[in-house]
Amino acid sequence: MPNKGLDAGGYIGREGSPGLIPSAFRPVVATAHDRVLDVFGARLHSAYLYGSIPRGTARVGRSDLDLLLALREEPTDADRTDARSLDAALDKEFPQIDGAGTLLVGREQVLSDLERHDLGWFVACLCTPLLGEDLAEYLPRYRPDALLARETNGDLALFLPRWRERIAEADGSEEALRPLVRFMSRHLVRTGFTLVMPRWNGWTSDLTEMAEVFGTYYPERAAQLREAAVLGYEPRGDAAVLRSYVDDLGPWLAEEYARVHGIKKPRP
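Since this is a predicted model, take the numbers as computed values, not measurements.

> Before we go on, may I ask you to explain the environment of L207 in this structure?
Topologically, L207 is positioned in helix α9 (residues 207-217). Given a relative accessible area of 1%, L207 falls into the buried group. When the C-alpha positions of L207 and V123 are compared, they lie 19 Å apart, and in sequence the two are 84 residues distant. Every residue in contact with L207, bar those within four places of it in the chain, is listed here: R186, V189, R190, A229, G232 and Y233.

> Looking at this model, I keep getting lost on unusual backbone geometry. Mind explaining?
Leaving glycine out, the prevailing phi sign among residues is negative, and the prevailing peptide bond configuration is trans. We note that N201 has phi near 60 degrees; this positive angle belongs to a residue other than glycine. Examined against the element boundaries, N201 turns out to sit in the loop between α8 (174-200) and α9.

> I tried to follow the pairing of strand β2 (residues 65-71) on my own but got confused; where do I start?
Within a regular beta strand, the side chains point alternately toward one face of the sheet and then the other, so they alternate between its two faces. Most of β2 is tucked away, with 7 of its 7 residues classed as buried. By the alternation rule, side chains of β2 split into L65, L67, L69 and L71 and D66, L68 and A70, which are all buried. As paired strands, strand β1 (residues 44-50) and β2 are joined by 6 bridges and run antiparallel to one another. Bridge pairing in β2 links L44 to L71. Note that β2 and strand β3 (residues 100-106) share 7 bridges and pair parallel. Counterpart to L69 in the pairing with β3 is L104.

> It is not clear to me how the side chain of H45 should be interpreted in this structure. Could you clarify?
Mapped onto the fold, H45 is located in strand β1. At 3.0 Å, the side chain of H45 and the side chain of S46 are in polar contact. Here the side chain of H45 touches R107 through a polar contact of 3.4 Å, side chain to side chain.

> Is there a simple way to explain the nonpolar core in this structure?
The nonpolar side chains of a soluble globular protein tend to be buried with one another. Grouped together as the largest cluster of nonpolar side chains are 58 residues, with contacts concentrated most on L68, V110, W121, W203, L242 and Y245. Beyond its immediate chain neighbours, meaning those up to four positions away, W203 contacts K4, G5, L6, I12, E15, W121, L126, F193, T194, M197 and M210. If you look at the next biggest cluster of nonpolar residues, it comprises 25 residues, including V36, L44, A58 and L65.

Conventions we followed
- Residues numbered from 1 in each chain as written.
- Predicted model: local features only at pLDDT ≥ 70, side-chain atom pairs only at ≥ 80, totals over all residues.
- Heavy atoms only, no water.
- Helix = DSSP H or I, 4+ residues; strand = E, 2+ residues; numbered from the N terminus.
- Buried < 20%, exposed > 50% of the residue type's maximum accessible area, 1.4 Å probe, protein only.
- Contact = heavy atoms within 4.5 Å.
- Pairing = 2+ DSSP bridges.
- Polar contact = N/O pair within 3.5 Å; in protein donor to acceptor, adjacent residues only side chain to side chain.
- Core = buried A, V, L, I, M, F, W, Y, C linked by side-chain atoms within 4.5 Å.

In short, shape yes, function no, at least from these values alone.
Right under this line is the structure:
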């Protein structure tokens, strides 16, 4: 569908809304709201929800709670420890979520020129305000163009060596491999989608739709991305799948991405 996810001006519309949060997850969000204030207090500039819960597509017992906290200063190790404790407590208390994950960033980092088309875009378009002043007020509108494609996912080649290490370090059990399959599947599908996003001229966060859009332009790789989309939603701890990601699909996608869009600006 042309122009999906765009407004009348051709800009990516902001995803998610408090009104879309499914009723089963509202107690989780309300508790997260209060706990974030309790834990971070004056250090917190603003807090956001992202992912399936504010998009209204979360599934009870299957979806996780995703939070992004923008602190007034750059996060410290103590802040990260507090965030991990917050995540663990929420996950233990609420069976309707399959884990919680809190991403910590600094306010200045979000608004920096270097992050304008990566972290800044993420906050402005994919995050739903939960607490504090919305940093999107200081950020531009975004189109699904080659610049956005390069700066969001033009660094896959840098991740692959670490992915290989994580696979090698895992004990091979279902419990150890399943989260890796979920994470890497989602990352590859999103990268495949943003590879073709400027040609499609639209935006979606649905993994299935992302894979279908990608397959229109790369039919020879379509089946791989469709399977990755399935595993992004329903992962299984399969070592062969992970090997295929780091030995075949991942390297091909990184090379093609660099050819089409170039390499993402290096980060410190």
